[in-house]
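# Summary of the model geometry
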Amino acid sequence: MTSPRIRILATGGTIAGSAGSAIERGYRPGQIGVAELLSAAQALGLDARFDGRDIAAIGSQDIGWAHWNALHMSIFDALLDDDTDGIIVTHGTDTAEETAFLLDLTLQAGKPVVLVGAMRPADAVGSDGMRNLSNAVRVAGDELAAGRGVLVVMSDQVFAAIDVRKAATGGAEAFRGFPRGPIANVTPTSLDWFGPPDRTGRGARFAWPDGLPRVSILTAYAGMEPDAVQCALSGGAQGLVLAGLGQGNAPTPVLDALAKAGVPVVRSSRVDQGSVDRNLEVDDDALGFVAARGLGPAKARILLQVLLANGIADPVRMQAEFDRR
Ligand code: ASP
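Every chain's residues receive numbers from 1 upward, in the order its sequence appears when written. Local features are withheld for residues below a pLDDT of 70 in this predicted model, meaning they are given only at 70 or higher, and side-chain atom pairs are given and counted only at 80 or more; totals for whole chains, interfaces and linings count all residues. To get the side-chain values, all heavy atoms of the structure are used, and hydrogens and water are removed first.

### Considerations on the sheet that holds strand E1 (residues 5–12)
The pairing criterion is simple: DSSP has to find at least two bridges between the two strands. In this description a helix means any DSSP run of H or I spanning at least four residues, a strand means any run of E spanning at least two, and both kinds are numbered starting from the N terminus. The 8 strands lie next to each other as E2-E1-E3-E4-E5-E6-E9-E10, forming an open sheet whose pairing is mixed. Of all the strands in the sheet, the pair left with one neighbour each is strand E2 (49–58) and strand E10 (190–193). Here the average twist between neighbouring strands, direction ignored, is 25 degrees. As paired elements, strand E6 (residues 157–160) and strand E9 (residues 184–187) share 2 bridges and run antiparallel to each other. Within E9, the position partnered with Gln-157 by the bridge is Asn-185. In this analysis, two residues are considered to be in contact whenever any of their non-hydrogen atoms come within 4.5 Å of each other. In this analysis an axis means a line fitted to C-alpha atoms, helices contributing only their contacting stretch, and an angle means the value between N-to-C directions, from 0 to 180 degrees. Across the sheet, helix H1 (residues 34–43) is in contact with E1, E2 and strand E3 (86–90); its angle to E2 comes to roughly 140 degrees. Against the sheet, helix H4 (residues 129–140) engages E1, E2, E3, strand E4 (113–116), strand E5 (151–154), E6, E9 and E10, with an angle of about 155 degrees to E3.

### Some remarks on the side chain of Thr-84
Relative to the helices and strands, Thr-84 resides in the loop between helix H2 (65–80) and E3. Type-normalised accessible area, obtained with a 1.4 Å probe on protein chains alone, sets the label of each residue: buried when under 20%, exposed when over 50%, and partly exposed for intermediate values. Given the relative accessible area of 2%, Thr-84 is considered buried. When neighbours within four sequence positions are excluded, Thr-84 is seen to be in contact with Arg-5, Arg-7, Ala-78 and Lys-111.

### Some thoughts on the layout of surface pockets
As a volume, the second largest pocket reaches approximately 270 Å³. Looking at the second largest pocket, it is lined by 19 residues, and the ones nearest its centre are Arg-165, Val-271, Asp-272, Gly-296 and Pro-297. Of all the secondary structure elements, the ones that give two or more residues to the lining of the second largest pocket are strand E7 (164–166) and helix H8 (297–309). Each residue receives one of three labels: charged for Asp, Glu, Lys and Arg, nonpolar for Ala, Val, Leu, Ile, Met, Phe, Trp, Tyr, Cys and Pro, and polar for the others, Gly being one of them. When grouped by side-chain class, the residues that make up the lining of the second largest pocket number 7 nonpolar, 5 polar and 7 charged. Using protein atoms alone on a 1 Å grid, points that fit a 1.4 Å probe yet trap it form a cavity, whereas open point sets bounded by protein on both sides within 12 Å along at least five of seven lines form a pocket; residues with an atom within 4 Å of a point count as lining. Grid points are joined across faces, edges and corners, and a volume is the space filled by probe spheres set on the points.

### Details of empty space enclosed by the protein
If you walk through the whole model with that rule in mind, you get 1 cavity of 30 Å³ or more. Computed from the structure, the largest cavity encloses a volume of approximately 40 Å³. For the lining of the largest cavity, the secondary structure elements donating two or more residues are E4 and E5. Its residues placed into classes, the lining of the largest cavity shows 6 nonpolar, 4 polar and no charged.

### A closer look at the pattern of salt bridges
Salt bridge, as applied in this entry: a Lys or Arg side-chain nitrogen positioned within 4 Å of an Asp or Glu carboxyl oxygen. According to the stated counting rule, one finds 17 salt bridges in the structure shown. A salt bridge links Asp-51 to Arg-7; its shortest N-O distance comes to 3.1 Å. With Asp-51 in strand E2 and Arg-7 in strand E1, this pair connects stretches of sequence that are 44 residues apart. Note that Arg-267 is salt-bridged to Asp-284, the shortest N-O span being 2.7 Å. Within this pair, whereas Arg-267 is found in strand E13 (residues 265–269), its partner Asp-284 is found in helix H7 (residues 284–287), the two being separated by 17 residues in sequence. The exposure classification of Arg-267 matches that of Asp-284, with both residues buried. Through salt bridges with shared partners, a single network forms among Asp-163, Arg-180, Asp-198 and Arg-325.

Here's what the structure looks like:
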């Protein structure tokens, strides 16, 4: 068998971060370009052929439309390129779930597309970057990785974009999945899928838009005042996501203000994991809300943006998309 041809698209993050010393606490993300990442990967003797592009050199807290647009275009090109078997995106961990989900909603499932990051900078003692990158190469070079949507590789585990979230601020094992946990275990020399691909042959779920509308997330808390809603609307929000209490709850005056907001409202939860379902404590039918189901606030916002950008604003249609896996 010939070695898989992997394209690496670098965006920055801690995997490309440098502290200047193996034991320094502070560091700067996005200091190492794709050429250096490629030569480090090549030096490991991995069974793959690489080429690469620098898309950005940022901490992923600064990612936005311009980077996403460039990244989407580059992945789209790589999907059409007969000389590329799989695509790896090196990315910061803070917003990996948002980028992965946005790509997942807008790319066909034809070739493996794998996001990978690190929790420790490249020059830190015990850095996880090269381990994670080696694992990502293993996944991106595997035919069975295609047809599963965009994947995220961290700490010897593979997650589907729709499930994954960053669940800890520190430590190499910072990622979790919901409702599915990891869908495979991976090391640089092994890859064990827990089931067959579930999206083989599927096209992109949504067209790539010309831009993403402004959607704000409002986090609920005991005693929250309803003026947060007006504040978001006057800032230009065309949709609102409630990061609600428990099952997507909020104080009654806030729910009343949301019902009158005049823009689509999606109820999600500030709780780390779990589903937000329709009409449990909140009467979604009467108030015109959409329930985020298994998506946390960050991913609910991405889906709402993509729906609005594709002209889908009817709550029933929207709910069907939030219900879909
Ligand atoms: N702030 C960094 C980023 O998201 C954190 C990381 O990569 O782990 O780019």
